[in-house]
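Below are the chains, spelled out letter by letter.
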Amino acid sequence: MINKITELLKEINSLTLQTAEELEQYRLKYLSKKGLISELFEDFRNVAAADKKDVGQKLNQLKASSLEKFNLFKAHLETTQDISTGTDLTRPAFPHIIGSRHPISIVRNEIINIFTRIGFIVSEGPEIEDDDHVFTKLNFAPEHPARDMQDTFYISRISAEDSNPGDILLRTHTSSVQVRVMQGEKPPIRTISPGRVFRNEAISARAHCIFHQVEGLYIDENVSFADLKQTLLFFAREMFGKETEIRLRPSYFPFTEPSAEMDVSCRICGGKGCNVCKYTGWLEILGCGMVHPNVLESCNIDSQKYTGFAFGMGIERLAMLKYQVNDLRLYFENDIRFLDQFKTAF
Ligand code: PHE
């Protein structure tokens, strides 16, 4: 009896199972009610009482290890079968959720794209600036209200009352970058400066303390107001469509003379009047003008020889018109439900 058990154990241990059928045959041969192990349990009755303990132990061992082999292979089959039959490996993978560009970036890229096609280059400068580059060199009078604490975020102010060229502040416009370009380069200069600007304003649907601008500067001999007008007409038509008209209204900026504000014909109603253009048919999009001779001189450019034009626009404003977004704050909240809607734009 003991020999029989040992041989069977050896046999079982040397067996290699590979398929579900082999497993079933194994079960029938060894583990079923009519299987070899059950037969041995039948024979156990005839074992002499003195040997019963020994034989019984061996027999139980045999049963346990053959059962274990059965269970192990069954589990193995179940997991591998899952992969080979339960899953379709030709199915496409779950799609990766890709992000989209922020609407401000989309519009900024569009503006850059238009101006670089007519020879402008992109220049960038620091967001933390000094009074000299943001105000003084741009012909702002010392008492100009834009320098006031209410408009400008100061980082360090040399004197509490008076402004000083050394005061450190967050730039309120990217004209400061153009000062740096004029100081560092000789005309002809054709450059645009996109960037983030800061003004100390209460946050509302129409104003924010952080926003983005693209400002442009063109300096050469004989640059005229007509050049400014044609450049801006080209821009407006590229940006808002071939039918777009522009109009220039007289305005004031310390760094340009004459100065103007530019409107484009409302693209929503085609000029007839709607609630986007407040029934005027026009939308204000930028400020512009001929660079003030004082600005050229303060940057060591001969104002007798050279003239130039400059313009500046707020990207949020353009994006609001383009996408008909009526609350500026949406651009800063990063709500995925808002941003998701710009997926198709480049
Ligand atoms: N710097 C002006 C602003 O921030 C815009 C502007 C630029 C106006 C150039 C005229 C010429 O509002």
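Predicted model only: the values in this text are computed from it and were never measured. (Residues numbered from 1 in each chain as written. Predicted model: local features only at pLDDT ≥ 70, side-chain atom pairs only at ≥ 80, totals over all residues. Heavy atoms only, no water.)

### Notes on the domain arrangement of the protein
In many reports, interface size means the accessible area that the parts give up when they come together. Definition in use: Domain start and stop points were drawn from an automatic or database domain assignment.
Parsing the protein into structural domains produces domain 1 (2–86) and domain 2 (103–342). Each of domain 1 and domain 2 has a C-alpha centre, and the two are 86 Å apart.

### Describing the sheet that holds strand 2 (residues 128–130)
Rules: DSSP-based pairing: two strands are paired if at least 2 bridges between them are found. Helix and strand definitions follow DSSP, with helices as H or I runs of at least four residues and strands as E runs of at least two, each counted in order from the N terminus. Fitted lines through C-alpha atoms give the axes, limited to the stretch in contact for helices. The angle between two N-to-C directions lies from 0 to 180 degrees.
Reading across the sheet, the three strands line up as 2-4-3 and stay open at both edges, with antiparallel pairing between neighbours. The outermost strands of the open sheet, each flanked by one partner alone, are strand 2 and strand 3 (154–156). Here the average twist between neighbouring strands, direction ignored, is 35°. Examined bridge by bridge, strand 3 and strand 4 (residues 168–170) share two bridges and lie antiparallel to one another. Each bridged residue has a counterpart across the sheet, and for Tyr-154 the counterpart in strand 4 is Leu-169.

### What to know about the packing of helix 1 (residues 2–14) against helix 3 (residues 36–43)
Rules: Orientation categories follow fixed angle ranges, with anything under 35 degrees roughly parallel, anything over 145 roughly antiparallel, 65 to 115 roughly perpendicular, and all other angles oblique. For any pair of crossing helices, the crossing counts as left-handed if the nearer helix is rotated counterclockwise from the farther one by less than a right angle, and right-handed if it is rotated clockwise. Here, two residues are considered to be in contact whenever any of their heavy atoms come within 4.5 Å of each other.
Where helix 1 contacts helix 3, the two axes come as close as 12 Å, and the packing angle between them is 165°. For the element pair helix 1 / helix 3, the angle class is roughly antiparallel. Of the two elements, helix 1 crosses helix 3, and the hand of that crossing is left-handed. Residues Lys-4, Ile-5, Leu-8 and Ile-12 of helix 1 form the contact with helix 3, whose participating residues are Leu-36, Ile-37, Leu-40 and Asp-43.

### So, the side chain of His-208
Note the following rule: Categorising residues by exposure relies on relative accessible area from a 1.4 Å probe, with only protein chains included: less than 20% of the type maximum marks a residue as buried, more than 50% marks it as exposed, and the intermediate range marks it as partly exposed. Counting of polar contacts relies on pairs of N or O atoms within 3.5 Å, with two restrictions inside protein: one atom must be capable of donating a hydrogen and the other of accepting it, and residues adjacent in sequence are counted only when both atoms are side-chain atoms.
Along the chain, His-208 turns up in the loop between strand 5 (189–198) and strand 6 (210–220). By relative accessible area, which is 11% here, His-208 ends up buried. A polar contact is formed between the side chain of His-208 and the backbone nitrogen of Ile-210, at a distance of 3.3 Å. If we ignore the near neighbours within four places in the chain, the residues touching His-208 are Arg-199, Glu-201, Ile-203, Leu-328, Arg-329 and Phe-332.

### Describing the site of the ligand
Let me state the cut-off plainly: Whether a residue is near a molecule or strand depends on its heavy atoms: if one lies within 4 Å, it is near. Note on residue categories: nonpolar means Ala, Val, Leu, Ile, Met, Phe, Trp, Tyr, Cys or Pro, charged means Asp, Glu, Lys or Arg, and polar means any other residue, Gly included.
With respect to spatial proximity, 13 residues lie near the ligand, and among them His-173, Ser-175, Arg-199, Gln-213 and Glu-215 are the closest. Within the side chain of Ser-175, one N or O atom sits 3.2 Å away from a nitrogen atom of the ligand. In the environment of the ligand, a nitrogen atom lies 2.7 Å from a nitrogen or oxygen atom belonging to the side chain of Glu-215. Looking at the shell around the ligand, the elements with two or more residues in it are strand 6, strand 9 (282–291) and strand 10 (307–314). Residue contributions to the shell around the ligand peak at three residues, all from strand 10. In the shell around the ligand, the residues fall into five nonpolar, six polar and two charged.

### Quick word on the environment of Val-223
Position of Val-223 among the secondary structure elements: in the loop between strand 6 and helix 8 (225–240). Residues Val-223 and Thr-307, spaced 84 residues apart in sequence, show a C-alpha to C-alpha distance of 5.4 Å. Apart from residues lying up to four places away in sequence, Val-223 is in contact with Tyr-218, Met-290, Thr-307, Gly-308 and Phe-309.

### With respect to the pairing of strand 6
Of all 11 residues in strand 6, nine are buried, a share of seventy percent or more. Of the pairings in the sheet, the one linking strand 5 to strand 6 comprises 10 bridges and is antiparallel in character. Its bridge partner lying in strand 6, Thr-191 is registered against Leu-217. In this structure, strand 6 lies alongside strand 10, joined through eight bridges in antiparallel fashion. Considered in strand 10, the bridge of Glu-215 is made with Gly-312.

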